[in-house]
Amino acid sequence: MTLDIRPLGPAIGALVSNIDLTEPLRNTDRDTLQTALLQHHVLFFENQPVTPVQQRDLARAFGELHIHPVYPQHPEASEIIVLDTHNDNPPDNDNWHTDVTFIKTPPLGAILSARVLPPHGGDTLWASGIAAYEALSEPLRRFLDPLRAEHSFVQSFPAWRYARTPEERKTWEAAVAKSPEVTHPVVRTHPVSGKHGLFVNEGFTSRIVDLAKAESDALLAFLRVHLAKPEFTVRWRWKQYDLAFWDNRLTQHYATADYLPHRRVMHRATILGDAPF
Ligand SMILES: O=C(O)CCC(=O)C(=O)O
Ligand SMILES: [Fe+2]
């Protein structure tokens, strides 16, 4: 079998076929996927009924895995996050974000597997921070290049949502204690491709530290709208056992929250990365 990689658009996204991800990943396929990820930023695979352990091992082929401080873990593999949304646990990833930018070394990538889907809705969109940055005018790019921004855990994981029971509060307080605000460059250099892209996101970025608050608010609002332009995005309509593998270093994603009262369950493995520069 040779991998087939078909781009879904000029900026971001490709569909990969002719591969069985329930089998151990061959080194040659790993290298091909790594290269494809640099070019397309998010790869989609159809009909890959991986077990949590298989998904964890697949992700491990690309690096060490992150254990999330608040999201529930799968009983068969603690590195697998279970995102189980329904009426009593409503979806809240309907904002543009890069995963886990509240730590000094945000994840390199993540692998998401669709387990239980609503009859319609629940699509996920990804945007290319590189395409968004490259489309800005040269003077604005020059202005943004040296700036730094603060990223906050509690902005995306507020107490009212993640510390509702005494047990949740304990976990949440430990996570807060472990997650002081960090700063990252507003424009990041991809450590492998060398490309530059926007690295501020609606989910976690609280302010651009070099600017006055009103300036920072206005600029972050502009950058959020800019990044979400359809030209820089791809939208995936899930089928059960579809799998998405994204480069988290210069992409953002948005999970539509349009399916209640139906349930939706996703499994995520998160691969650790390095400090942005
Ligand atoms: O549920 C989804 O489609 C994506 C949720 C999300 O933001 C994530 O898994 O990082
Ligand atoms: Fe996410």
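Residues numbered from 1 in each chain as written. Chains lettered and ligands numbered in written order. Predicted model: local features only at pLDDT ≥ 70, side-chain atom pairs only at ≥ 80, totals over all residues. Heavy atoms only, no water.

1. Brief notes about the nonpolar core
- Core analysis: the largest hydrophobic core is formed by 48 residues, its most contacted members being Trp126, Leu144, Phe157, Val186, Ile208 and Trp238.
- Considering each element in turn, this core owes the most residues, four residues, to helix H8 (residues 213-227).
- Residue contributions to this core reach at least three from each of two domains, namely domain 1 (4-88 + 99-126 + 233-271) and domain 2 (128-228).
- Each residue touching Leu144, except ones within four places of it in the same chain, is listed here: Leu136, Val186, Val187, Leu198, Leu219 and Leu223. (Core = buried A, V, L, I, M, F, W, Y, C linked by side-chain atoms within 4.5 Å. Buried < 20%, exposed > 50% of the residue type's maximum accessible area, 1.4 Å probe, protein only. Helix = DSSP H or I, 4+ residues; strand = E, 2+ residues; numbered from the N terminus. Domains from an automatic or database assignment. Contact = heavy atoms within 4.5 Å.)

2. Considering the pairing of strand E6 (residues 109-116)
- Burial of E6 is extensive: seven of the eight residues sit out of reach of the surface.
- Note: E6 against strand E14 (residues 243-247), five bridges, orientation antiparallel. Across the sheet, the residue bridging to Ile111 is Phe245, located in E14.
- Here E6 pairs with strand E16 (residues 264-271) via seven bridges, running antiparallel. (Pairing = 2+ DSSP bridges.)

3. Comments concerning the UniProt feature "domain: TauD/TfdA-like" (unreviewed entry) in the protein chain
- UniProt marks residues 4-270 with the feature "domain: TauD/TfdA-like" (unreviewed entry), using the numbering shown here.
- When the span residues 4-270 is considered, its composition is 27% helix and 28% strand, and the gap between its end C-alpha atoms is 24 Å. (UniProt positions renumbered as here; feature names shortened; annotations may be inferred.)

4. Digging into the packing of aromatic side chains
- Throughout the structure, instances matching the rule amount to 14 aromatic pairs.
- Consider the rings of Trp126 and Trp246, whose centres lie 5.5 Å apart with planes at 55°: the pair is tilted. Here Trp246 lies in strand E14 and Trp126 lies in strand E7 (residues 124-128), a separation of 120 residues in the sequence.
- Owing to a relative accessible area of 1%, Trp246 belongs among the buried residues under this scheme.
- Three or more aromatic residues joined by ring pairs make a cluster, and in this case those are Tyr71, Phe102, Phe153, Phe157, Tyr162 and Phe204. (Phe/Tyr/Trp six-rings, centres within 6.5 Å; stacked < 30°, edge-to-face > 60°.)

5. Regarding the coordination of the iron ion (ligand 2)
- Donor atoms from the polypeptide that coordinate the iron ion (ligand 2) comprise His97 (NE2), Asp99 (OD) and His253 (NE2), at 2.1 Å from the metal.
- Counting gaps between the donor residues of the iron ion (ligand 2) yields the pattern H-x1-D-x153-H. With a gap of 156 residues between them, His97 in the loop between strand E5 (77-85) and E6 and His253 in strand E15 (residues 251-255) connect regions that are remote in the sequence. The same class applies to His97 and to His253, which are both buried. (Donors = N, O, S within 2.8 Å, 3.2 Å for Na, K, Ca; no water.)

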